[in-house]
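Given next are the chains, with one letter for each unit.
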Amino acid sequence: MYGDRIAGRHRAGWSVGRLVALAADVVALIIIVWIVLDLLDANRSNDVVQWFHDAATWLAGWSLDLFHLGRHWAQVVVGYGIAAVVYLVAGHALARLLHRV
């Protein structure tokens with residue numbers, strides 16, 4: 001019976017860990033899609049493009065001005081890319097931690 005409770009908690013931790021990893025993946029994907037759309041000079045008056053821009057800017061707002069680079073494409077890739085990498089690394093590290101609990 002005690003082993004069942006431990007196994008149940010372990011499965012629950014794995015489920016929460018998976019959700020955290022999935023959330024990190026989705027956040028990073030949103031940011032990456034915006035980077036690609038910006039680099040391809042997508043039409044910003046399009047509602048889908050505008051949604052990705054707004055979502056990515058909100059998610060990566062903390063990293064957008066960490067560095068000032070001369071070229072627009074480099075500013076976008078570095079500014080948004082740092083946020084995507086941080087979300088992926090932190091989200092998956094937290095997911096592994098939750099898996100161990």
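**Q** How do you make sense of the pattern of salt bridges when you look at a structure like this?
**A** Side chains carrying opposite charge are able to pair once their charged atoms draw close together. Per the stated rule, a full pass over the model turns up 1 salt bridge. Taking the shortest distance from any N to any O, the salt bridge between R44 and D38 comes out at 2.7 Å.

**Q** Looking at this structure, how should I read the nonpolar core?
**A** Soluble globular proteins tend to pack their nonpolar side chains together in the buried interior. Among the nonpolar cores identified, the biggest contains 18 residues, and I31, W34, A60 and Y80 are the most heavily contacted of them. Sorting the residues of this core by element identifies α1 (2-39), α2 (47-60) and α3 (72-100) as the ones contributing at least two each. Considering every element that reaches this core, the biggest residue donor is α1, with 7 residues. When residues no more than four places from it in sequence are discounted, the contact partners of Y80 are I31, W34, I35, H53, A56, T57, A60, L64 and Q75.

**Q** Is there a simple way to think about the packing of aromatic side chains in this case?
**A** To describe a pair of aromatic rings, you give the distance between the ring centres and the angle between the ring planes. This model, assessed by the stated rule, comprises 2 aromatic pairs. Measuring from centroid to centroid gives 5.0 Å for W51 and F52, while their planes differ by 85 degrees, and the two rings are edge-to-face. Residue W51 is classed as partly exposed on the basis of its relative accessible area of 48%. Measuring from ring centre to ring centre gives 6.4 Å for W62 and Y87, while their planes differ by 80 degrees; the resulting arrangement is edge-to-face. In this pair, W62 sits in the loop between α2 and α3 while Y87 sits in helix α3, placing the two residues 25 residues apart along the sequence. Judged by its relative accessible area of 26%, Y87 falls in the partly exposed class.

**Q** Just to check I follow, could you spell out the environment of G17 for this structure?
**A** Inspection of the secondary structure assignment puts G17 in helix α1. G17 sits 80 residues away from L97 along the chain, and the two C-alpha atoms are 7.7 Å apart. When neighbours within four sequence positions are excluded, G17 is seen to be in contact with A95 and L98.

**Q** I keep staring at the side chain of D38 and nothing clicks. Help me out?
**A** Looking at where D38 falls in the secondary structure, it is placed in helix α1. Residue D38 is classed as buried on the basis of its relative accessible area of 9%. Once you skip the residues sitting within four places of it in the chain, D38 turns out to touch R44, H72 and V76.

Thresholds, definitions, all that
Residues numbered from 1 in each chain as written. Predicted model: local features only at pLDDT ≥ 70, side-chain atom pairs only at ≥ 80, totals over all residues. Heavy atoms only, no water. Salt bridge = Lys/Arg side-chain N within 4 Å of Asp/Glu carboxyl O. Core = buried A, V, L, I, M, F, W, Y, C linked by side-chain atoms within 4.5 Å. Buried < 20%, exposed > 50% of the residue type's maximum accessible area, 1.4 Å probe, protein only. Helix = DSSP H or I, 4+ residues; strand = E, 2+ residues; numbered from the N terminus. Contact = heavy atoms within 4.5 Å. Phe/Tyr/Trp six-rings, centres within 6.5 Å; stacked < 30°, edge-to-face > 60°.

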